[in-house]
Amino acid sequence: MTDFYILGFSNFKTEQILLTVGIMIMYSLTIVGNLVISMIISLVPNLHTPMYFFLCNLSVVDVIYVSSSLPKLLSITITQDNRISFAGCISQLYFFTFSAVCDIFVLTSMAGDRYVAICRPLQYTLIMNRRVCGTISALCWIFSAGNSLLMTLLTSVLDFCNSREISHFLCDVKTMTALSSSDTTSREIFILIEDIIIGFVPFSLTVASYVRIISTILKIRSSETRLKAFSSCTSHLTAVILFYGPILILNMKPESEHSKEQDNLISLLYVAVVPMLNPFVYSLRNKDVLDAVRKL
């Protein structure tokens with residue numbers, strides 16, 4: 001046997017049509033919204049700044065992020081065929097891990113950009129020049145790809161003799177490791193260390209950046225300048241809260257009888273809902289993007 005079975009939302013049998021329509025709408029809006037944002041930033045010279053350069057990166061990553069998981073979930077809800085091949089599962093694991101890690105790094109890079117813009121404005125153009133931004137972006141992609149390849153290779157050599165039912169709506173590292181019949185103690189320790197390095201450290205840097213940013217903004221005497229400085233950070237701050245919020249809830253939530261179903265619903269928030277909302281967060285209240293749309 002080489003097939004796995006993604007259980008996903010199999011317990012929500014009566015809501016399958018609603019679930020299918022919801023996933024289809026979220027996936028369509030995410031793809032269209034992020035591609036439009038990327039196109040606008042690429043075509044309008046006024047948006048060729050570090051902040052929008054990283055936003056373009058975030059949009060591309062979000063397209064990969066949702067495309068690694070939602071099409072298969074959509075197929076399962078429509079056809080009721082929840083099988084996925086071993087090769088398909090490993091491929092999904094690679095692209096999902098890659099895009100999730102890259103999302104974290106890009107959001108952290110954007111926090112650094114906002115920190116320099118608010119706390120060191122006179123040195124902003126010198127520090128955040130094209131070469132620096134290009135190097136940071138390349139490191140985000142390269143490190144994410146290398147890390148994902150390592151995690152995928154470590155998972156692909158595990159044995160799966162006891163069960164092939166994946167109690168999630170996608171193949172991810174933790175689910176596959178828990179499903180394996182091999183001794184995974186060393187891998188679980190490695191995953192914990194990785195979570196600290198890739199999850200906790202960037203999150204801490206982002207929080208530290210915003211502590212300094214808010215502290216600096218509060219010291220500005222002019223209320224107009226203070227409002228303008230804060231408004232330049234609101235879109236990114238909203239995106240950070242939307243991304244990390246469901247993850248923190250998922251990790252802090254106590255276990256219960258319906259824990260797995262609740263976990264899957266919360267996971268759907270940061271896998272599908274957050275990438276869908278990001279283009280709206282960065283466009284609806286952003287004067288530069290709205291002006292660029294009018295010009296186009």
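Relevant structure appears above.
Before going into details, it helps to say that this report is about the structure given with it.

Reading guide: rules and limits
- Residues numbered from 1 in each chain as written.
- Predicted model: local features only at pLDDT ≥ 70, side-chain atom pairs only at ≥ 80, totals over all residues.
- Heavy atoms only, no water.
- 1 Å grid on protein atoms, 1.4 Å probe; cavity = no way out; pocket = protein on both sides within 12 Å on 5 of 7 lines; lining within 4 Å.
- Points joined across faces, edges and corners; volume = space filled by probe spheres on them.
- Helix = DSSP H or I, 4+ residues; strand = E, 2+ residues; numbered from the N terminus.
- Nonpolar A, V, L, I, M, F, W, Y, C, P; charged D, E, K, R; others polar.
- Axes fitted to C-alpha atoms, helices over the stretch in contact; angles between N-to-C directions.
- Parallel < 35°, antiparallel > 145°, perpendicular 65-115°, else oblique.
- Left-handed = near helix turned anticlockwise from the far one by under 90°.
- Contact = heavy atoms within 4.5 Å.
- Disulfide = S-S within 2.5 Å.
- Buried < 20%, exposed > 50% of the residue type's maximum accessible area, 1.4 Å probe, protein only.

Remarks on empty space enclosed by the protein
- The final tally for this structure, using the stated rule, is 3 cavities of 30 Å³ or more.
- Roughly 50 Å³ of volume is contained in the largest cavity.
- Along its surface, the largest cavity is lined by M151, L154, T155, V173, T177, R187, F190 and I191.
- The set of elements that each furnish at least two residues to the lining of the largest cavity consists of α6 (130–156), α7 (173–179) and α8 (185–218).
- The space that makes up the second largest cavity amounts to roughly 40 Å³.
- In terms of lining residues, the second largest cavity is bounded by M51, M110, R114, S232, C233, H236 and Y282.
- Those elements that place two or more of their residues in the lining of the second largest cavity are α4 (86–119) and α9 (223–252).
- The biggest single contributor to the lining of the second largest cavity is α9, with 3 residues.
- Here the lining of the second largest cavity is built from residues that sort into 4 nonpolar, 2 polar and 1 charged.

Re the packing of α6 against α8
- Two elements in contact, α6 and α8, have axes whose closest approach is 12 Å; the angle formed by their N-to-C orientations is 165°. When the axes of α6 and α8 are compared, the pair comes out roughly antiparallel. For the pair α6 and α8, the sense of crossing is left-handed. On α8, the residues touching F143, N147, L150, M151 and L154 of α6 are R187, F190, I191, E194 and I198.
- Here the residues of the contact of α6 with α8 are counted per class, giving 7 nonpolar, 1 polar and 2 charged.

Digging into the state of the cysteines
- Applying the stated criterion across every chain, the model contains 1 disulfide.
- Paired by a disulfide, C89 and C171 hold their sulfur atoms 2.0 Å apart. Taking the sign of the torsion about the S-S bond as the criterion, the disulfide between C89 and C171, at about -115°, is left-handed. On the criterion of sequence distance, the pair formed by C89 in helix α4 and C171 in the loop between β3 (165–166) and α7 is long-range, its members being 82 residues apart. Of the two residues, C89 and C171, both sit in the buried class.
- The thiol of C56 is not disulfide-bonded; the next cysteine sulfur, from C102, is found 12 Å away.

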